Amino acid sequence: MVKKPVKLILISFLLSALLLGGCWDVQDIEERSIATLVALDKTEDGYRFFVEFAEPSGGGSESAGGSKYVYHQGKGKNFAEARAALDNKAKNPIYLGAVNAVVVTKRMAYYGIKEYMYRLREINDYRKVVDIFVIDCEPEELALLGKGETSVGKTIEDTMKTLVKSGGRMYDRSNLGFILESLASPCKSFLLPCVSIKENSIAVAGFYVFNDGVCVGVLGAEESWGMQLFNQKKSERYYTAPIGGDEATVRLALKKKKVEPSFENGRIGFLISVEFYAVLAYVTEEIEFDAQLTEELKRNLEHRIAEDIARAVYDSQKVYRTDYMSFCIPFRIKYPVEFREMDWHGAFPDADITIEVAVNLDVEGEPDFIPQYEF
Amino acid sequence: MLNKHRYEELIDNLRAGNKAVAVRRLVLAGDGAWLLYIKQLVDGTSLSEFVIKPVMEYCGGTPGRPRARKIVDSTIFAADCSVESDPFAIHDHILKGMAVLLIGNDEEYVVVNLKKVEHRAVSPQDLAYSVRGPKDSFVENLDVNLSLIRGRLKDPKLKIDMFELGRRSKTGVAAIYIEDIANPDTVNRIEAKLRAIDTDAILGAGEIQNFLTSTKYELFARVRTSENPAWVCEALLEGKVAILSDGGHIAIIAPCTFMESFYASDDKYENKFFGFFSKLLRYLAVMVTLCSTAIYIALVSFHTDALPSSYAILLSQLRKNVLFPAMLEVFIVEFILELVRESLLRVPSKIGTAIGIVGAIIIGNASVSAGIFDALVLILVCASLLASFAIPDYFSMYPIRILKFFVIFMTGIMGFYGFVLAISMILTNLVSVDSFGVPYFAPFAPYNRYDFKRAFVFSRDTSALRIQYMRDKDDTRSTYAHEHLGKVRKRNRDENNEDG
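All values reported here derive from a predicted model rather than from experimental measurement.

Cut-offs used in this document
- Starting from 1, residues in each chain are numbered consecutively following that chain's sequence as written.
- Going through the entries in the order they are written, you letter the chains from A and number the ligands from 1.
- With the structure being a predicted model, the display of local features is reserved for residues of pLDDT at least 70 and the display and counting of side-chain atom pairs for 80 or more, all residues being used for whole-chain, interface and lining totals.
- As a rule here, side-chain values come from all non-hydrogen atoms in the structure, and water together with hydrogens is ignored.
- What counts as a helix is a DSSP run of H or I of at least four residues, what counts as a strand is a run of E of at least two, and both are numbered from the N terminus.
- Atoms considered for the radius of gyration are the C-alpha atoms alone. The globule rule reads 2.2 Å times the number of residues to the power 0.38.
- Classification of residues uses two cut-offs on accessible area relative to the type maximum, computed with a 1.4 Å probe and protein chains only: under 20% is buried, over 50% is exposed, and between them is partly exposed.
- Throughout, a contact is declared for two residues whenever any of their heavy atoms are within 4.5 Å.
- What sets the accessible areas is the Shrake-Rupley method with a 1.4 Å probe; for residues, cover comes only from the shown protein chains.
- Throughout, buried area stands for the accessible area (probe radius 1.4 Å) lost by two parts on being put together, summed over both.
- Salt bridges are counted wherever a side-chain nitrogen of Lys or Arg sits within 4 Å of a carboxyl oxygen of Asp or Glu.
- What qualifies as a polar contact is a pair of N or O atoms within 3.5 Å, subject to a donor-acceptor requirement within protein and to the restriction that residues adjacent in sequence count only when both atoms come from side chains.
- Classification used: nonpolar for Ala, Val, Leu, Ile, Met, Phe, Trp, Tyr, Cys and Pro, charged for Asp, Glu, Lys and Arg, polar for all others including Gly.
- When the centres of two rings from Phe, Tyr and Trp lie within 6.5 Å, Trp using its six-membered ring, the rings pair. Their planes under 30 degrees apart give stacked, over 60 give edge-to-face, and anything left gives tilted.
- DSSP calls a pair of strands paired once it identifies at least 2 bridges connecting them.
- In this text, buried Ala, Val, Leu, Ile, Met, Phe, Trp, Tyr and Cys residues form a nonpolar core when linked through side-chain atoms within 4.5 Å.
- Helix axes are fitted to C-alpha atoms over the stretch in contact, other axes to C-alpha atoms as well, and angles between N-to-C directions run from 0 to 180 degrees.
- On a scale of 0 to 100, pLDDT captures the predictor's confidence in every residue.

Caption draft 1: Layout of the overall build of chain A. Along chain A, the regular secondary structure elements total 12 helices and 13 strands. The C-alpha radius of gyration of chain A comes to 26 Å, more than 25% above the 21 Å expected for a compact globule of 375 residues. Each of the three principal axes of chain A carries a C-alpha extent, and together these read 85 × 65 × 60 Å. Looking at chain A as a whole, 48% of its 375 residues are labelled buried. Sequence-distant contacts in chain A: of pairs separated by 6 or more residues, those separated by 24 or more amount to 68%. Surface summary for chain A: the accessible area is close to 18600 Å², and the carbon and sulfur share equals 52%.

Here it is as structure tokens:
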């Protein structure tokens, strides 16, 4: 038997749930304008948002037709004004939780995106895994790509995911969460992929290097190889190395990576040990791989990989003078006191970095020709 | 001592009060005798052949005064007869379908059971279909039902305690258990509840169920009902008590737990892996029934950012022309489908199909085409409805159907927080009640490893012990049970020690 005071408490709880729930403010999904792509541009007197909205075609049995996509822009002296101008143009309150990609123009990248990143952190709607890109064209050109029928934001996101999975792009730390983390860390450096339009489709044209939220340079697609190899995770990638007078192509996967920091006599040092697993895919000429040839290919691979990584380290240290490969993290873990007392940005460019590459080569894989058998 | 005249007076009073009482006057060795019975309840042919004829033949040729004791011992041919002496019980015997033979100048009288009550033949089950198990079911006659149980369990320890419930109906109720298995404490509790029933009539098992589980704010039934004799025998072998009543075709099984609603007799006949799969499917089905529409409301109205962007766009597309907010839409559709479900139960079978088609076409197709309701809501509500039919014990889903609305309401006002709150309240209720001393949410709470395994995988050859949470007198089932017993008892002891 429930006693009277307990009954009263239960009833008052249920009533307060009704009154305090705030359910009268609820907006269902169809009462919001769903943004799928947000582009930020720097104008002469402020900022410009260029946003792609999904416009569902309607319920009932015709709903299989899909959505259309419309574009609106809002300009203002600051982000709040630009957003207000955008709000005036949207049919319903803007919903940012479905944004597939956030892009910033080159102008904005060189101006600095730190403030905008902090704004994105404050807006709870944004997913922290949304990717940020730099575009080297105008946002309107991106809109032309979709023709109003496909979502450019979704296309960019899907293209990037595919590249990461297939090994075409081996750097996937350009999401909002990682950028905020980088800005909060001592390194303060990060890379953002550069998206461009090539032959009517989305392509990655390289990486923009950021230091403390401001772009300090661009790594071209070829130049970024070493950095991508260093940051490679699970995906495999085709890689070539010379053998004899020919070229052999292997499928390369990073197995182990160790960055061992050292600090002696006030000098920072790093020993990078990377281990790759390579499977011979094909060669330009018919070659029978014996032990000697295998060893030669292995050495050539190791040498080439070491060169690529060394170039990436050189670019980071000497060209851009920013630690976008995040060497500060293992150093801070091992030498927290020393790290706190030093100016990392000043000391990092002079660090000694040694690279050791080991490749476990498998030539039994899939050579396309075995010379002793003639057909 | 009642003499002939007092008997005549008694008979006159009986006939005055109940015109249905038939009186057959006999003359036995010069003494008057009266055979009293109700024609509709007694088999007239048997009465003539086995009572009247032998009594008259005997008393015609035998010297001395006829005596009730002598007639019962060596004259009448009926199997079930006795000598009684309480004159105030005569009317009761007649109303129960007995024939009463009053002999002048003998204070004792004969009561003969020649009941002939019309009842259904044993037929296949209606409420829970079994694919491989026995298909017979109980009927409205207690004797037939008891024979269905006795025919399966020829155990000398099978005990049947008879009760008479209802001041006016005097319904025969049998409490059945196996004496050396069932926990005597449980049996006593149940029988005490039966004895405490004070009402004018008991016309079916459902009424007894209400008396057994009479707590004001109870939602979950703490007994299980079944029309399957094989299932009832299984329950008796687990140490439970089965209650059968005259006039009802459903047996009540007590105690029971919430998880037992998900067990079907087919689980034991099939391969244990398939049994496991079926049970898992049912556990998921109840979660779908309870939660699917509430989660939809939470995602559409409150937590849209939990959805991938393509799903958010699709949902927006589906709901573009819908008139109602998500919560109201779900309530309306759920209500309509509950109406369809109820109407299909009550409607004559010949127009049931038509109602189903009308419901499907009008509610389903037309409303989606017109954009009044969202197709996804209809799919989820129908999935919830179908999932509720996957549970073998149909009646155990009644509270789930009610609680579904509560969960929808809480989610509709507070999003996932309200959803979690509602589920927590339901779980709190489930773990805090018991069924005649057995925790209602066993074997999940309190946790028992042996019973927990059995809740998913049951195989007779691997289940050497009975359910541990029943605390039966004898919990061993097979000859090699004692090997298991040592390990299980030790584990139970350790678990109890950990719980303090």
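Caption draft 2: Summary view of the interface of chain B and chain A. With 28 residues of chain B at the interface, the matching set in chain A holds 32 residues. Of the roughly 2600 Å² buried at the junction of chain B and chain A (both faces included), carbon and sulfur atoms supply 62%. Considering only the surface of chain B that becomes buried against chain A, B:Ile313, B:Gln317 and B:Ile413 emerge as the three largest contributors, covering 23% of it. Here chain B and chain A share two salt bridges between them. Scanning the region where chain B abuts chain A turns up nine residue pairs in polar contact (both at pLDDT 80 or more). Counting only elements with at least two residues in the side of chain B that touches chain A, the list comes to α10 (272–302), α11 (309–318), α13 (349–370) and α15 (397–432) of chain B. Each residue belonging to the side of chain B that touches chain A can be placed in one class, and the counts come to 15 nonpolar, 10 polar and three charged.

Caption draft 3: Layout of the packing of aromatic side chains. Residue and element names in this part refer to chain A. Tallying each qualifying case throughout the model produces 43 aromatic pairs over all chains. Taking 5.7 Å as the distance between ring centres and 80° as the angle between the ring planes, the aromatic pair formed by Phe 263 and Phe 331 counts as edge-to-face. Remark: Phe 331 occurs in helix α10 (residues 328–334) and Phe 263 occurs in strand β11 (residues 246–264); sequence separation between them is 68 residues. Exposure remark for Phe 331: the relative accessible area of 0% places this residue in the buried category.

Caption draft 4: Fine view of the pairing of strand β9 (residues 214–220) of chain A. Residues and elements named next belong to chain A. Sheet topology places strand β8 (residues 201–211) next to β9; six bridges connect them, and they run antiparallel. Within the sheet, the bridge partner assigned to Gly 206 lies in β9 and is Gly 220. Following β8, the chain reverses through two residues before pairing antiparallel with β9; Asp 212 in that reversal takes a positive phi of roughly 55°.

Caption draft 5: Here's a closer look at unusual backbone geometry. Along the chain, B:Ala254 connects to B:Pro255 via a cis peptide bond; the corresponding omega equals -10°. Along the chain, B:Pro255 falls in the loop between β10 (251–254) and α9 (266–269). For the bond running from B:Ala445 to B:Pro446, omega is 0°, close enough to zero to count as cis. Structurally, B:Pro446 is set in the loop between β12 (438–439) and α16 (449–456). Despite not being glycine, A:Glu199 shows a phi value in the positive range, around 50°.

Caption draft 6: Broad picture of the nonpolar core. Counting 80 residues, the largest nonpolar core has B:Ile149, B:Ile176, B:Leu236 and B:Phe258 as the members making the most contacts within it. The dominant element in this core, judged by the number of residues it contributes, is α15(B), at 14 residues. Residues in contact with B:Leu236, not counting those within four places in the same chain, are B:Ile149, B:Leu153, B:Leu158, B:Ile176, B:Tyr177, B:Ile178, B:Ile181 and B:Ala242. Counting residues in hydrophobic clusters, the runner-up holds 51 residues, among them A:Leu191, A:Trp225, A:Tyr239 and A:Val250.

Caption draft 7: Molecular detail of the pattern of salt bridges. One pass over the structure, following the stated rule, counts 38 salt bridges over all chains. Between A:Glu157 and A:Lys161 there is a salt bridge; the shortest N-O distance is 3.7 Å. In this pair, A:Glu157 and A:Lys161 both sit in helix α6 (residues 152–166), four residues apart, roughly one turn of the helix. On the basis of relative accessibility, which here comes to 10%, the residue A:Glu157 falls in the buried class. One salt-bridge network, held together by shared partners, links A:Asp28, A:Glu30, B:Arg319, B:Glu329 and B:Asp374.

Caption draft 8: Broad picture of the sheet that holds β10(B). Residues and elements named next belong to chain B. Within the open sheet, the five strands sit side by side as β6-β7-β9-β10-β8. Their pairing is antiparallel. At either margin of the open sheet sits one strand with a lone partner, and together these are β6 (158–165) and β8 (224–226). Looking at each pair of strands side by side, their axes are set apart by 25° on average, direction ignored.

Caption draft 9: View of the confidence of the model for chain B. In this model, chain B carries a mean pLDDT of 85, and residues with pLDDT of at least 70 account for 92%. The secondary structure element of chain B with the lowest average pLDDT is helix α17 (residues 481–499) of chain B, at 63, and the one with the highest is strand β9 (residues 241–245) of chain B, at 94.

Caption draft 10: Seen up close, the environment of A:Leu191. Residues and elements named next belong to chain A. If you trace the backbone, Leu 191 turns up in strand β7 (residues 189–198). Residue classification places Leu 191 among the buried residues on the basis of a relative accessible area of 0%. In the structure, Leu 191 is positioned 19 residues away from Phe 210 in sequence and 5.9 Å away in space, judged by C-alpha atoms. Discounting chain neighbours no more than four positions away, the residues touching Leu 191 are Tyr 171, Arg 173, Ser 174, Phe 207, Tyr 208, Val 209, Leu 219, Met 227 and Tyr 324.

Caption draft 11: Structural context of the pairing of strand β7 (residues 171–178) of chain B. All names here are of chain B. Where burial is concerned, most of β7 is hidden: eight out of the eight residues are buried. Across the two faces of β7 the burial is the same, with Thr 171, Val 173, Ala 175 and Tyr 177 and Gly 172, Ala 174, Ile 176 and Ile 178 all buried. Where β6 folds back on β7, the antiparallel hairpin that results is connected by five residues, among which Gly 166 adopts a positive phi of roughly 95°. Of the pairings in the sheet, the one linking β7 to β9 comprises four bridges and is antiparallel in character. Note on β9: the bridge partner recorded for Ala 174 is Leu 244.

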